[in-house]
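Below are the chains, spelled out letter by letter.
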Amino acid sequence: KLGDIDRRGLLEQLAGVAESQTRKRINEEQQSPGGEPWQAWSANYAATRHGGQSLLQGEGDLVDSITSEIEGDEALIGSNLVYAAIHQFGGTPDMAPGPAGIPAREYLGFSQDNLDEIEAVADRWLDKHLEAA
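Residues numbered from 1 in each chain as written. Predicted model: local features only at pLDDT ≥ 70, side-chain atom pairs only at ≥ 80, totals over all residues. Heavy atoms only, no water.

A.B. asks: Honestly, the overall build of the protein in this entry has me stumped. Any pointers?
C.D. replies: When you go through the protein residue by residue, the secondary structure sums to five helices and two strands. Starting at the N terminus, the α and β elements of the protein follow one another as α-α-α-β-β-α-α. Compactness check: the protein gives a C-alpha radius of gyration of 18 Å against a globular reference of 14 Å for 133 residues, more than 25% above the reference. Here the C-alpha coordinates of the protein stretch approximately 60 × 25 × 25 Å along the principal axes. Taking all 133 residues of the protein together, the buried fraction comes to 32%. Across the protein, contacts joining residues at least 24 apart in sequence account for 55% of those joining residues at least 6 apart. Averaging the positions of the 10 positive and the 23 negative side-chain charges in the protein gives two centres separated by 3 Å. (Helix = DSSP H or I, 4+ residues; strand = E, 2+ residues; numbered from the N terminus. Rg over C-alpha atoms; globule rule 2.2 N^0.38 Å. Buried < 20%, exposed > 50% of the residue type's maximum accessible area, 1.4 Å probe, protein only. Contact = heavy atoms within 4.5 Å. Lys, Arg positive; Asp, Glu negative; His and termini not counted. Charge placed at Lys NZ, Arg CZ, Asp CG, Glu CD.)

A.B. asks: Please explain a negative patch on the surface as it appears in this structure.
C.D. replies: Negative charge collects at one region of the surface, where E28, E29, D113, D116, E117, E119, D123, D127 and E131 lie side by side. Listed by contribution, the elements that provide at least two residues to the negative patch are helix 1 (8-29) and helix 5 (112-132). No other element matches the seven residues that helix 5 contributes to the negative patch. Tracing the chain through its elements places E29 in helix 1. Owing to a relative accessible area of 32%, E29 belongs among the partly exposed residues under this scheme. (Patch = residues over 30% accessible without salt bridge, like charges linked within 9 Å, V, L, I, M, F, W, Y side chains within 5 Å. Areas by Shrake-Rupley, 256 points an atom, 1.4 Å probe, with all protein chains shown as cover. Salt bridge = Lys/Arg side-chain N within 4 Å of Asp/Glu carboxyl O.)

A.B. asks: Explanation requested: helix 1 in the structure shown.
C.D. replies: One full turn of an α-helix is made of 3.6 residues, so residues set three or four places apart face in the same direction. Compared with the 32 Å implied by 1.5 Å per residue over 22 residues, the 30 Å span of helix 1 between its first and last C-alpha is a close match. Looking at helix 1, one finds that the buried residues are L10, L11, L14, A15, V17, A18, E19, Q21, T22, R25 and I26. Downstream of helix 1 by one or two residues, Q30 has phi in the positive range, about 50°. (Expected span 1.5 Å × (residues − 1).)

A.B. asks: Would you mind showing me how to read the side chain of Q88 here?
C.D. replies: With respect to the helices and strands, the residue Q88 is situated in helix 4 (residues 84-89). There is a polar contact of 2.9 Å between the side chain of Q88 and the backbone nitrogen of L108. (Polar contact = N/O pair within 3.5 Å; in protein donor to acceptor, adjacent residues only side chain to side chain.)

A.B. asks: Can you walk me through the pairing of strand 1 (residues 67-71) in this structure?
C.D. replies: Two faces belong to every sheet, and in a regular strand the side chains alternate between them. Bridge count for strand 1 against strand 2 (residues 74-78) is five bridges, and the pairing is antiparallel. Considered in strand 2, the bridge of S68 is made with I77. Between strand 1 and strand 2, which follow one another and run antiparallel, lie two residues, and G72 among them has a positive phi close to 60°. (Pairing = 2+ DSSP bridges.)

A.B. asks: Whenever I open this one, the nonpolar core confuses me. Can you help?
C.D. replies: Generally speaking, a soluble globular protein has its nonpolar side chains buried in company with each other. Of all hydrophobic cores here, the largest spans nine residues; its members are I26, W38, L55, L56, L62, V63, I66, A84 and Y107. If near-sequence neighbours (up to four positions away) are discounted, V63 is found in contact with R23, I26 and N27. I5, L14, V121 and W125 belong to the second-largest nonpolar core, a separate cluster that totals seven residues. (Core = buried A, V, L, I, M, F, W, Y, C linked by side-chain atoms within 4.5 Å.)

A.B. asks: I'm lost on a nonpolar patch on the surface in this one. Help?
C.D. replies: Together, L2, L126 and L130 make up an exposed nonpolar region whose accessible area comes to about 230 Å². The topology assignment puts L2 in the segment before helix 1. Classification of L2 as partly exposed rests on a relative accessible area of 36%.

Now the structure itself:
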């Protein structure tokens, strides 16, 4: 019975948890999944920001763009914004449209706490199906 279970529901739950974790990282934690605090803005750039803005949060577009997609047996989490990758990986001064020399501020990925939470969701899902089998 367990071999024929539709796992899409599990993947949707896991994707929802991962989306929530990513938004929390951007809104509250402001550190990489590995626990390294994001590098602060340069003094010149910080002078252009206004109250309510923080690292990776101008008008909230990045955090609002975090979505998930289920493809087969995979849950994919990310953003479709053009500039999302440069925040994740960083850029160099010579990158177009330039200058794009910003440090990486990794927001996608999983901390150990994230993995523990995901594992707990998966365990509850599996327990529910084992009880029904």
